[in-house]
Amino acid sequence: GRWVPLADLFRDLRMAFRGLAKQPLFSGVAIFVLALGIGATTAIFTLVDAVVISPLPFDEADRLLAVQHAAPGRGMSDVGQCAAWHFTYLDEAESLEDLGIFGGATVSVTGEGNPEAVPSLHVTNGVFRALRTPPLVGRIFGVEEDDPDGALTIMLGEGFWRSRFGSDPEVVGRTLQIDGVTREIIGVMSGEIRALGYDPSIIAPRRFRRSDLFVGNIGYDAVARLRDGVTMEEAQADLSRVFPQAWEKFPGGPVASSSNPDLYQVDLRSLKTDLVGPIASLLWILLGGVSVVLLIACANVANLFLVRAEGKDGEMAVRTAMGASGHRITWEYLKESLLLGLMG
């Protein structure tokens, strides 16, 4: 007895399928229209979910910030980061747990196969500590890698490691020639690093000699992790407080316009917001547009059903005369809609 409702449902759907099969033009047009609307909406929502809704693939990603600076007097909303500001924040700021700067380039690789030019990412050791991204093999850069006189080391990107080294876990300790300089491989970074907007084959340390620094050479990307219990507004106030000290700690420089701290201001943003940028608004508008397309598709199919319903008046009159309830009559129409929706 418990299987009777399921058997009835299977029978009803089979009858609905037979009814639709008798009108292939109507069924084909309805399925095609629904497929277009559902397919477009699903595709765009998948994109919105991946880019806008889903969090970044890092531990406690809501605490990650992009450290940027604006120059309102020059009409520039984002001038990036410079090494002098970076070290000032490392020395003086109290609101950040970790801070690192990074930037991309192209390097030539020789040794261990054919020479090739590949994308690279240059980072200070604080980048991977802020992101809390563990390596697949080996280790990440330490403080010693930031020393300009330290050992020459590199990490490999996951894709490059798999394509060039066949995912060999013994790659650590081997060497590559990077732009003619021999460097030792210390680890392999996972593909999660692509969330930063880079897909590097080679990851190398970004090194600065503090005695040579001044406020200038602006344009690096920077990522920071907030300390527990610190808000972005508190971090903004903290960095703004120590920001002018950069000119005291690193005086001089060839560009006179860079010697005035009043030209710049700290601009902290959520790392997710900074990476997505204005494309988020465009994607939401696009999703709204395809949702309207889906509604139009459903309305068109509904109109087709209304036209078709006129030919079923006699059948429904007979069903009503034989005792069919209003719910049963509604189900007769609904089961065909459900079937077309599933097929679409």
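This structure is a prediction, so every number in the text was calculated from the model and none was measured.

A.B. asks: How should the overall build of the protein chain be read in this particular structure?
C.D. replies: In terms of regular secondary structure, the protein chain is built from 11 helices and 10 strands. Radius of gyration (C-alpha) of the protein chain: 31 Å, far over the 20 Å computed for a compact globule of 344 residues. If one aligns the C-alpha atoms of the protein chain with their principal axes, the spans along those axes are about 95 × 50 × 40 Å. Counting only residues that meet the buried cut, the protein chain has 40% of its 344 residues in that class. Taking contacts inside the protein chain between residues at least 6 apart in sequence as the whole, the part at least 24 apart equals 77%. Total accessible area computed for the protein chain in this model is approximately 17,700 Å², and 60% of it derives from carbon and sulfur atoms.

A.B. asks: Explain the packing of helix α9 (residues 279-309) against helix α11 (residues 326-343) to me, please; I cannot follow it from the model alone.
C.D. replies: At their nearest, the axes of α9 and α11 sit 12 Å apart, and the two run at 140° to each other. In terms of their interaxial angle, α9 and α11 are classed as oblique. In terms of crossing hand, the pair formed by α9 and α11 is right-handed. Contacts between α9 and α11 involve Phe305, Arg308 and Ala309 from the former and Tyr333, Glu336, Ser337 and Leu340 from the latter. Tallied by class, residues from the contact of α9 with α11 come to four nonpolar, one polar and two charged.

A.B. asks: Help me out: how do you make sense of the layout of surface pockets in this one?
C.D. replies: Over the atoms, a rolled probe matching the size of one water molecule traces out where space is still vacant. Quantified by volume, the largest pocket comes out at close to 260 Å³. Sorting the residues of the lining of the largest pocket by element identifies α1 (4-21), α10 (313-321) and α11 as the ones contributing at least two each. Tallied by class, residues from the lining of the largest pocket come to two nonpolar, three polar and nine charged. One number sums up the size of the second largest pocket: a volume of about 150 Å³. Together, His86, Phe87, Leu90, Leu99, Thr124, Asn125, Gly126, Arg129, Val143, Asp146 and Phe208 line the second largest pocket.

A.B. asks: What am I meant to see in helix α5 (residues 158-165) here?
C.D. replies: Since the α-helix advances by 3.6 residues per turn, residues separated by three or four positions end up pointing in the same direction. If you check which residues of α5 are buried, you get Phe160, Trp161, Arg164 and Phe165. Buried positions in α5, seen along its axis, are confined to an arc of 100° and lie on one side of it. Taken from the residues just after α5, Gly166 is the one with a positive phi, measuring 60°.

A.B. asks: Quick question: what am I supposed to make of a nonpolar patch on the surface here?
C.D. replies: A contiguous nonpolar patch, built from Trp3, Leu6 and Leu9 and spanning about 340 Å² of accessible area, is present on the exposed surface. Residue position: Trp3 is located in the segment before α1.

A.B. asks: Help me understand the packing of helix α3 (residues 83-92) against helix α6 (residues 232-242) in this model?
C.D. replies: The description of two packed helices rests on the angle between their axes and on the distance between the axes. Running from N to C, α3 and α6 cross one another at 110°; their axes reach a closest spacing of 10 Å. Of the possible angle classes, the one that applies to α3 and α6 is roughly perpendicular. Between α3 and α6 lies a crossing whose hand is right-handed. Across the interface between the two elements, Thr88, Tyr89 and Glu92 from α3 touch Leu239, Arg241 and Val242 from α6. Here the residues of the contact of α3 with α6 are counted per class, giving three nonpolar, one polar and two charged.

Conventions we followed
- Residues numbered from 1 in each chain as written.
- Predicted model: local features only at pLDDT ≥ 70, side-chain atom pairs only at ≥ 80, totals over all residues.
- Heavy atoms only, no water.
- Helix = DSSP H or I, 4+ residues; strand = E, 2+ residues; numbered from the N terminus.
- Rg over C-alpha atoms; globule rule 2.2 N^0.38 Å.
- Buried < 20%, exposed > 50% of the residue type's maximum accessible area, 1.4 Å probe, protein only.
- Contact = heavy atoms within 4.5 Å.
- Areas by Shrake-Rupley, 256 points an atom, 1.4 Å probe, with all protein chains shown as cover.
- Axes fitted to C-alpha atoms, helices over the stretch in contact; angles between N-to-C directions.
- Parallel < 35°, antiparallel > 145°, perpendicular 65-115°, else oblique.
- Left-handed = near helix turned anticlockwise from the far one by under 90°.
- Nonpolar A, V, L, I, M, F, W, Y, C, P; charged D, E, K, R; others polar.
- 1 Å grid on protein atoms, 1.4 Å probe; cavity = no way out; pocket = protein on both sides within 12 Å on 5 of 7 lines; lining within 4 Å.
- Points joined across faces, edges and corners; volume = space filled by probe spheres on them.
- Arc of directions from axis to C-beta.
- Patch = residues over 30% accessible without salt bridge, like charges linked within 9 Å, V, L, I, M, F, W, Y side chains within 5 Å.
- Salt bridge = Lys/Arg side-chain N within 4 Å of Asp/Glu carboxyl O.

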